[in-house]
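Chain by chain, the residues:
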Amino acid sequence: MMMTLGWFVFMRSTVAPQSQQDEKSWRHPGNNRVGSRPSYQYLGPDDELSTLSGVLYPELTGGPVSLDMLNRMGDRGQAFPLIQGDGVMRGSFVIEGISTTRSEFFQDGSARKIEFSIKLKRVDDNDSSLGNTLLGRTAGNLLGRLGVGKLLNTVGGKLGGLL
């Protein structure tokens, strides 16, 4: 199990991202002043975005059914918790967009290769202080060493088999 978004488990048999790009920014609006540089004020965090991308080969990995499930989740407009495979809770995210490119077709028109990109946007305002972040990472590393990750992998494999 690589990560979960709500009940959707990202792994080889469903959708296994090959890259994850995270983007985080902070707001510093400016106020123009006569004869001086603008003054800036820190207003807090801005959007936090995460883009998952990769390639599916339906003969070997997940395929259109898994992407259809993610599309249905996006259709609901609901926020889902994003939890990394090491147990770190990233926050609540909505699916902002999914793009797919199908190529290398079989005779029946189904794709042998599906490239995908899933755009997620964080929508919660959880306490993400440095202490809590480090505590979450430490707990995730500890649980991983205790073998909880293998247990979650087994559970994720069973859920993935149902998808």
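Residues numbered from 1 in each chain as written. Predicted model: local features only at pLDDT ≥ 70, side-chain atom pairs only at ≥ 80, totals over all residues. Heavy atoms only, no water.

J.: In this structure, what is going on with the overall build of the protein chain? I would like to understand it.
T.: Of regular secondary structure, the protein chain possesses 3 helices and 9 strands. Written out in order from the N terminus, the α and β elements of the protein chain read β-β-β-β-β-β-α-β-β-β-α-α. Counting every position in the protein chain, which comprises 163 residues, the buried fraction comes to 29%. Contacts in the protein chain between residues far apart in sequence, at least 24 positions, make up 61% of those at least 6 positions apart. (Helix = DSSP H or I, 4+ residues; strand = E, 2+ residues; numbered from the N terminus. Buried < 20%, exposed > 50% of the residue type's maximum accessible area, 1.4 Å probe, protein only. Contact = heavy atoms within 4.5 Å.)

J.: Please clarify how the sheet that holds strand β1 (residues 3-5) should be interpreted in this entry.
T.: Backbone-to-backbone hydrogen bonds join strands into a sheet, with any given pair of strands oriented parallel or antiparallel. What the 7 strands build is an open sheet, ordered β2-β1-β7-β8-β9-β6-β3; its pairing is antiparallel. This sheet does not close on itself; its edge strands, each paired only once, are β2 (8-10) and β3 (19-27). Within this sheet the neighbouring strands show an average axis-to-axis angle of 25°, counted without direction. Note that β1 and β2 share 3 bridges and pair antiparallel. (Pairing = 2+ DSSP bridges. Axes fitted to C-alpha atoms, helices over the stretch in contact; angles between N-to-C directions.)

J.: Help me understand the pattern of salt bridges, please; the structure alone is not making it clear to me.
T.: In a structure, side chains of opposite charge can pair up when their charged atoms sit close to one another. Applying the stated criterion across every chain, the model contains 7 salt bridges. The shortest N-O distance in the salt bridge between Arg-90 and Asp-22 comes to 3.3 Å. In this pair, Arg-90 sits in strand β8 (residues 89-105) while Asp-22 sits in strand β3, placing the two residues 68 residues apart along the sequence. The partner of Arg-90 in a salt bridge is Glu-48, with the nearest N and O atoms 3.6 Å apart. Placement of the pair is Arg-90 in strand β8 and Glu-48 in strand β6 (residues 44-56), with a sequence separation of 42 residues. Both residues of the pair, Arg-90 and Glu-48, count as buried. Shared partners join several salt bridges into a network, and the residues in it are Asp-22, Glu-48, Arg-90, Arg-122 and Asp-124. (Salt bridge = Lys/Arg side-chain N within 4 Å of Asp/Glu carboxyl O.)

J.: Is there a simple way to explain the pairing of strand β7 (residues 80-84) in this structure?
T.: Along any regular strand the residues' side chains alternate between the sheet's two faces. Of the two faces of β7, only the one carrying Phe-80, Leu-82 and Gln-84 is buried; Pro-81 and Ile-83 on the other face are not. In this sheet, β7 lies alongside β1 in antiparallel orientation, the contact comprising 3 bridges. Across the sheet, Thr-4 pairs through a bridge with Ile-83, a residue of β7. Of the pairings in the sheet, the one linking β7 to β8 comprises 4 bridges and is antiparallel in character. Looking at β8, one finds that Pro-81 is bridged to Ser-92. Taking the residues that link successive antiparallel strands as the turn, the β7-β8 hairpin has 4 residues, and the phi of Gly-87 there is positive, at about 95°.

J.: I would appreciate a short explanation of the nonpolar core in the present structure.
T.: Within the largest apolar cluster, 19 residues are counted, with the highest numbers of intra-cluster contacts made by Leu-5, Phe-10, Val-15, Leu-70, Ile-118 and Leu-120. Where this core is concerned, the elements lending two or more residues are β1, β2, β6, α1 (64-76), β7, β8 and β9 (111-122). Per-element tally for this core: the top contributor is β9, with 5 residues. With sequence-adjacent residues up to four places away left out, Phe-10 is seen in contact with Met-1, Met-2, Met-3, Thr-4, Leu-5, Val-15, Pro-17, Leu-52, Leu-70 and Ile-118. (Core = buried A, V, L, I, M, F, W, Y, C linked by side-chain atoms within 4.5 Å.)

J.: It is not clear to me how the environment of Ser-13 should be interpreted in this structure. Could you clarify?
T.: In this structure, Ser-13 sits in the loop between β2 and β3. Residue Ser-13 is classed as partly exposed on the basis of its relative accessible area, which comes to 43%. Remark: the alpha-carbon pair of Ser-13 and Met-1, spanning 12 residues in sequence, is separated by 9.8 Å. Leaving out residues up to four positions away in the same chain, Ser-13 has contacts with Gly-62 and Ser-66.

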